[in-house]
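Coordinate analysis (summary)
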Amino acid sequence: MVLLVLAFYLSVLTYYLGVLLYMLPIPLYSVKKWAPQLMVDGVLSAILVFSYSIIKWIIDYMGRLLGVDWSLYYAWLTSEIGLVTSFIIALKMIGTALSSVGLNFLANSLISPLVNTLTYLLIFLISTSIMVSVIVTLSDTLLASGVLLHSIPFRLTRASGSTLIALVIVFSIGTPLMPLFIYMLSSNPGIIGYTGYGFALANIYVYDTCIITIPLYLYEIYD
């Protein structure tokens, strides 16, 4: 990739700028203090360039380890957008009906705030889906751009590059887990029958031969 090649050249440039500052025959500490820092930055940037494939592998590995499933995420997002849209349409119909019978004060004080809140929620969901789709589609380019920004000498854009790399990693791993996270926060921990992301929640009861529940027991499960 062109961005990675350019990042490598910039890391080499950073290293040799540090060497050049070391070799300058001037006793200026304010200038020479940059020499060791530039050399270290050049080496670290080169390591980051060669770690590009490793970073992508770590993203994929952590995703598989945590049960990332983009199809489930997009299905959840589509259902949530449809649900919010249905609520908005239903509330607007109720507000129109109330206004037609002379209950404008009720429609304005109760229905309108709910419609506005749900509209903001719908905009947030759509904006999030667009941003996530862009990040996922351009993840390789964004990751390489982060490495490139990290490699620019004198740390001019190092923070921006690190932020871009972290953004790709977090969104690639964490976004598909959003439905599960919301489910865990909003549902009853004792609910059973939920299946997704590679596991199912269940309540296990053990009975003796007289069909009496055993309160304390040890069990092993083999897969």
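For the structure given in this document, a descriptive report is provided here. (Residues numbered from 1 in each chain as written. Predicted model: local features only at pLDDT ≥ 70, side-chain atom pairs only at ≥ 80, totals over all residues. Heavy atoms only, no water.)

Description of the packing of aromatic side chains
The condition that has to hold: Between the rings of Phe, Tyr and Trp (Trp by its six-membered ring), a pair exists once the centres lie within 6.5 Å; its type follows the angle of the planes, with under 30 degrees stacked, over 60 edge-to-face, and the other angles tilted. Any residue under 20% of the maximum accessible area for its type is buried, any over 50% is exposed, and the rest in between are partly exposed; the area is computed with a 1.4 Å probe on protein chains only.
This structure, assessed with the given rule, holds 10 aromatic pairs. An angle of 50° between the planes, with centres 6.2 Å apart, marks the rings of Phe8 and Tyr9 as tilted. With relative accessibility at 55%, the residue Tyr9 sits in the exposed group. With a centroid separation of 5.9 Å and 45° between ring planes, the pair formed by Tyr217 and Tyr219 is classed as tilted. Taking the relative accessible area as the measure of exposure, Tyr219 reaches 45% and is therefore partly exposed. The rings of Trp70, Tyr73, Tyr74 and Trp76 are connected pair by pair, giving a single aromatic cluster.

A few points about the side chain of Ser151
The line we're drawing: Strands here are runs of E lasting at least two residues and helices are runs of H or I lasting at least four, both read from the DSSP assignment and numbered beginning at the N terminus. Two N or O atoms form a polar contact when they lie within 3.5 Å of each other; inside protein one atom must be a possible hydrogen donor and the other a possible acceptor, and for residues adjacent in sequence the pair counts only when both atoms belong to side chains.
Assignment of secondary structure puts Ser151 in helix α7 (residues 139-151). Under the relative-accessibility criterion, Ser151 is labelled buried at 1%. A distance of 2.9 Å separates a polar side-chain atom of Ser151 from the backbone oxygen of Val147.

Notes on the pattern of salt bridges
Put simply, the rule reads: Note on definitions: salt bridges are taken to be side-chain nitrogens of Lys or Arg within 4 Å of carboxyl oxygens of Asp or Glu.
Per the stated rule, a full pass over the model turns up three salt bridges. A salt bridge links Arg155 to Asp41, with the nearest nitrogen and oxygen atoms 2.9 Å apart. Taken as a pair, Arg155 in the loop between α7 and α8 (158-174) and Asp41 in helix α3 (residues 34-50) lie far apart in primary sequence, 114 residues in all. On the accessibility criterion, Arg155 (38% relative accessible area) is partly exposed. Using a relative accessible area of 6% as the deciding quantity, one classes Asp41 as buried. Notably, a salt bridge pairs Lys56 with Asp140, separated by 3.4 Å at the nearest N-O pair. Residue Lys56 is found in helix α4 (residues 52-66), and its partner Asp140 is found in helix α7; the two are separated by 84 residues along the sequence. Asp140 sits in the partly exposed class, given a relative accessible area of 34%. The network of salt bridges with common partners includes Asp41, Arg155 and Arg158.

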